[in-house]
Amino acid sequence: MERYKTDSKYMIESISHSDEAFSLIQQPASENVLLTFMPRLFVNEESKVLSPMLTAFFVDEKEHEISTKLLFRMDFLVKNDIPIKINDGKIEVTDFGMIISMFDTTIGAFRGVFFDWLKNSPFLKPLPLVDLDDFLRNLNVSFVKPKE
């Protein structure tokens, strides 16, 4: 993974996650079970808040969902310039390091909540490592519409 430097400062404003307990919605057909992530980044340029959100759940080898989902979100208040903007319909990233740092922090906090969520389940194994490069390739970015 490339290294990025960031001079911007931010702070964690809030952390939230879904309350639904872990459960299987169907039994896996085999032992080949995968953990799936759906990463999103919500950008509110007006309030200077970036909100990485992770949705995690288990799928079987045919990629059918077999578990409930855990949604996890952290809101970061940016003190300086926001590192991602939309300009003429195109996304401009001015500080990759800050975004990577936020997701790294979010994933670390998520792992603690995820461990607790899986308590007493058959899938409580050593938590999988997350390859940040692969993870960010699937990132979906949404911009919050400014208030009028």
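The shown structure was predicted, so the numbers you read here are calculated from the model rather than taken from an experiment.

A. Region of the structure containing the sheet that holds strand β3 (residues 49-59). Pairing is mixed in the open sheet, where 5 strands are placed in the order β1-β4-β3-β2-β7. The sheet is open, and its two borders are formed by β1 (10-17) and β7 (140-143), each paired with just one other strand. Across the sheet, the axes of successive neighbouring strands diverge by a mean angle of 20°, strand direction being ignored. Where β1 lies against strand β4 (residues 70-78), 7 bridges are found, and the strand directions are antiparallel. Residue pairing across strands places S16 opposite R73, the latter belonging to β4. Contacts from helix α1 (residues 96-117) reach β1, β2 (34-44), β3 and β4 within the one sheet, and its direction differs from that of β4 by about 145°.

B. Quick peek at the pairing of strand β5 (residues 84-87). Where β5 and strand β6 (residues 90-93) come together, 4 bridges link them in antiparallel fashion. Note on β6: the bridge partner recorded for K85 is E92. What sits between the antiparallel neighbours β5 and β6 is a turn of 2 residues, in which D88 has the positive phi angle 55°.

C. Layout of unusual backbone geometry. Positive phi values are uncommon outside glycine, yet E63 reaches one of about 65°. Within the element layout of this structure, E63 appears in the loop between β3 and β4. A residue is classified by how much of its surface remains accessible, and E63, at 65% relative accessible area, is exposed.

D. Quick look at the pattern of salt bridges. Using the criterion set out here, one finds 3 salt bridges in the structure. Between E65 and K69 there is a salt bridge, with the nearest N and O atoms lying 3.5 Å from each other. Note on E65: relative accessible area 35%, which makes it partly exposed. D75 serves as the salt-bridge partner of R73, at 2.9 Å between the closest nitrogen and oxygen. Relative accessible area serves as the criterion here: at 29%, R73 is assigned to the partly exposed category.

E. Spotlight on the confidence of the model for the protein chain. Looking at the protein chain as a whole, its pLDDT mean stands at 86, while 92% of the residues score no less than 70. Mean pLDDT across the secondary structure elements of the protein chain bottoms out at helix α2 (residues 132-137), with 78, and peaks at β4, with 96.

F. Here's a closer look at the nonpolar core. Judged by nonpolar contacts, the single largest core of 28 residues is most densely connected at L41, L50, F58, F103, F110, F114 and L118. For this core, the elements supplying multiple residues, two or more each, are β2, β3, β4, α1 and α2. In terms of residue count, α1 provides more of this core than any other element does, 9 residues in total.

G. Examining the packing of aromatic side chains more closely. Summed over all chains, the structure comprises 10 aromatic pairs. Ring geometry for Y10 against F76: centres 5.3 Å apart, planes inclined by 85°, an arrangement best described as edge-to-face. Of this pair, Y10 sits in strand β1 while F76 sits in strand β4; the two residues are 66 residues apart in sequence, bridging distant segments of the chain. For F76, a relative accessible area of 0% gives the class buried. Measuring from ring centre to ring centre gives 4.6 Å for F58 and F123, while their planes differ by 20°; the resulting arrangement is stacked. Taken together, the positions of F58 in strand β3 and F123 in the loop between α1 and α2 put the pair 65 residues apart, joining distant regions of the chain. Taken together, F22, F37, F58, F72, F110, F114, W117 and F123 form an aromatic cluster joined through their ring pairs. When the ring centre of F57 is taken as origin, the NZ or CZ atom of K69, which lies over that ring, is 5.0 Å away.

Reading the values: rules and limits
Each chain has its residues counted from 1, running along the sequence as written. For this predicted model, a pLDDT threshold of at least 70 governs which residues receive local features, and a threshold of 80 or more governs which side-chain atom pairs are given and counted, while totals over whole chains, interfaces and linings are taken from all residues. Processing note: side-chain calculations cover all non-hydrogen atoms of the structure and skip hydrogens and water entirely. Criterion used throughout: strands pair if DSSP finds at least two bridges between them. Segments assigned H or I by DSSP are reported as helices when at least four residues long, segments assigned E as strands when at least two residues long, and all are numbered from the N terminus. To get an axis, a line is fitted to the C-alpha atoms, and for a helix only the part in contact is used. The angle between two axes follows their N-to-C directions and goes from 0 to 180 degrees. Any two residues whose heavy atoms approach within 4.5 Å at even a single point are treated as in contact. For the exposure calls, accessible area comes from a 1.4 Å probe over protein chains only, and a residue counts as buried if that area is under 20% of its type's maximum, exposed if over 50%, partly exposed in between. Each reported salt bridge corresponds to a side-chain nitrogen of Lys or Arg within 4 Å of a carboxyl oxygen of Asp or Glu. On a scale of 0 to 100, pLDDT captures the predictor's confidence in every residue. What is meant by a nonpolar core is a set of buried Ala, Val, Leu, Ile, Met, Phe, Trp, Tyr and Cys residues, joined one to another through side-chain atoms within 4.5 Å. Two aromatic rings from Phe, Tyr or Trp, using only the six-membered ring of Trp, form a pair when their centres are within 6.5 Å; if the ring planes differ by under 30 degrees the pair is stacked, by over 60 it is edge-to-face, and anything between is tilted. Ring-over charges, as used throughout, are those where CZ of Arg or NZ of Lys falls within 6 Å of the ring centre and within 35 degrees of the ring normal.

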